[in-house]
Amino acid sequence: MVKHRLLILPQLGAVGINASAVRQRTGFRVQFGPILAADIPAYVKDGYKKTREMSTVRFPLRDRLVLTPMEINPALKKYPLFAVAVLLLFGLEREGILFSNAWNGGLPFLLLGLVSLLTGALITPVLLPFIPFRSFAIKGWITGMAAVFLASLAPVIAAAQRDLLLLIISYLLFPALSSYIALQFTGSTTYTGMSGVKKELKLGVPLYIGLAAISVLVLLIFKLKDVGLL
């Protein structure tokens, strides 16, 4: 098909390619070209030389926005399960499950769940360069705290937070949820190393589990008090 024996591969693929093995098996010499395929014609025309721009990784707003559906879509698929659990917990009474209680009590938390989802999967990636700290988990937690605070200005959420237990849950669970979703975005970036991801997961996952467990415990205490068992 071709007369040459040169295989131009993406620069960012170098860490996963054994060039000597490729040449041994195929007879093609591997050359790591520019980051973007669009730069290959200029790279070849210039005698297989890369400019500084061809070798520089950029991750602008447009690229980050394009990748956000990779996190938003899976999270939205799990949201109905979260919604059902919230409605059941708030609707459960001694008489059975009351729809009015489920809706009135659960609505603020349904909204906070949606806010946290969008904050972790969309707002954090959009504001990525401007949020302090390198850790995606911390970035997501910061934006999550800010989002919960702003959402609490809405009357429907503010009314629920008048109860101290529900206020605690709001600021324990939902920023952590935003942080967890933001942490998933590390797989979509162009500069996060595997070791850094593993380190964040090792520290973050136990913390997320602990915060979720405490939130569930506080919610159970609230529910027991609500039905008059405490």
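Attention in this report is confined to the structure presented alongside it. (Residues numbered from 1 in each chain as written. Predicted model: local features only at pLDDT ≥ 70, side-chain atom pairs only at ≥ 80, totals over all residues. Heavy atoms only, no water.)

**A word on the overall build of the protein**
In terms of regular secondary structure, the protein is built from 10 helices and four strands. For the protein, the succession of helices and strands along the chain, N to C, is β-α-β-α-α-α-α-β-β-α-α-α-α-α. C-alpha extents for the protein along the principal axes are approximately 80 × 35 × 30 Å. Every one of the 230 residues in the protein was classed for burial, and the buried ones make up 35%. Contacts in the protein between residues at least 24 apart in sequence constitute 63% of all its contacts with a sequence separation of at least 6. Side-chain charges of the protein comprise 23 positive and 10 negative groups, with the mean position of each set lying 15 Å from the other. (Helix = DSSP H or I, 4+ residues; strand = E, 2+ residues; numbered from the N terminus. Buried < 20%, exposed > 50% of the residue type's maximum accessible area, 1.4 Å probe, protein only. Contact = heavy atoms within 4.5 Å. Lys, Arg positive; Asp, Glu negative; His and termini not counted. Charge placed at Lys NZ, Arg CZ, Asp CG, Glu CD.)

**Some points on the side chain of Ser116**
With respect to the secondary-structure elements, Ser116 resides in helix α6 (residues 99-126). By relative accessible area, which is 1% here, Ser116 ends up buried. Within the local environment of Ser116, its side chain forms a polar contact with the backbone oxygen of Phe174, the two atoms lying 3.2 Å apart. Sequence-distant contacts of Ser116, defined by excluding residues within four places in its chain, comprise Phe174, Leu177, Ser178 and Ile181. (Polar contact = N/O pair within 3.5 Å; in protein donor to acceptor, adjacent residues only side chain to side chain.)

**Remarks on the nonpolar core**
One finds Phe90, Phe109, Leu112, Leu166, Ile169, Leu219 and Phe222 to be the most contacted residues of the largest nonpolar core, which totals 23 residues. If one sorts the elements of this core by residue count, helix α5 (residues 69-91) sits on top with six residues. Among residues more than four places away in sequence, those in contact with Ile169 are Phe109, Phe174, Ser215, Val218 and Leu219. The next biggest cluster of nonpolar side chains, apart from the first, holds 10 residues, and it includes Leu67, Leu128, Phe136 and Ala176. (Core = buried A, V, L, I, M, F, W, Y, C linked by side-chain atoms within 4.5 Å.)

**What to know about the packing of aromatic side chains**
Applying the stated criterion across every chain yields a total of eight aromatic pairs. Arranged with centres 5.8 Å apart and planes meeting at 80°, the rings of Tyr43 and Tyr48 form a pair that is edge-to-face. Look at Tyr43 and you get buried, because its relative accessible area is 2%. Judged by its relative accessible area of 37%, Tyr48 is partly exposed. (Phe/Tyr/Trp six-rings, centres within 6.5 Å; stacked < 30°, edge-to-face > 60°.)

**Here's the deal with a nonpolar patch on the surface**
Judged by side-chain polarity, Leu217, Ile221, Leu224, Leu229 and Leu230 come together as a nonpolar surface patch covering roughly 470 Å² of accessible area. When you line up the elements, Ile221 lands in helix α10 (residues 194-226). Here Ile221 falls in the partly exposed class, since its relative accessible area comes to 32%. (Patch = residues over 30% accessible without salt bridge, like charges linked within 9 Å, V, L, I, M, F, W, Y side chains within 5 Å. Areas by Shrake-Rupley, 256 points an atom, 1.4 Å probe, with all protein chains shown as cover. Salt bridge = Lys/Arg side-chain N within 4 Å of Asp/Glu carboxyl O.)

**A few points about α5**
Taking 1.5 Å of rise per residue, 23 residues should cover 33 Å, and α5 covers 32 Å from first to last C-alpha, within 8% of that figure. Of all the bends in α5, the greatest, near 30°, is centred on Lys78, and the proline Pro80 appears no more than four residues after it. Buried residues along α5 sit against α4 (61-67), β3 (92-93), β4 (96-97), α6, α9 (164-184) and α10. (Expected span 1.5 Å × (residues − 1). Bend = angle between axes of the 7 residues up to and from the residue.)

**Regarding the packing of α6 against helix α7 (residues 136-151)**
Each pair of packed helices gets described by two things: the angle between the helix axes and the distance between those axes. Look at α6 against α7: their axes get within 9 Å of each other, and the N-to-C directions meet at 140°. Classified by the interaxial angle, the pair formed by α6 and α7 is oblique. Relative to α7, α6 is oriented so that their crossing is right-handed. Contact with α6, carried on its side by Leu112, Val115, Thr119 and Thr124, involves Lys139, Gly140, Thr143, Gly144, Ala147, Val148 and Ala151 of α7 and no other residues of that element. By residue class, the composition of the contact of α6 with α7 is five nonpolar, five polar and one charged. (Axes fitted to C-alpha atoms, helices over the stretch in contact; angles between N-to-C directions. Parallel < 35°, antiparallel > 145°, perpendicular 65-115°, else oblique. Left-handed = near helix turned anticlockwise from the far one by under 90°. Nonpolar A, V, L, I, M, F, W, Y, C, P; charged D, E, K, R; others polar.)

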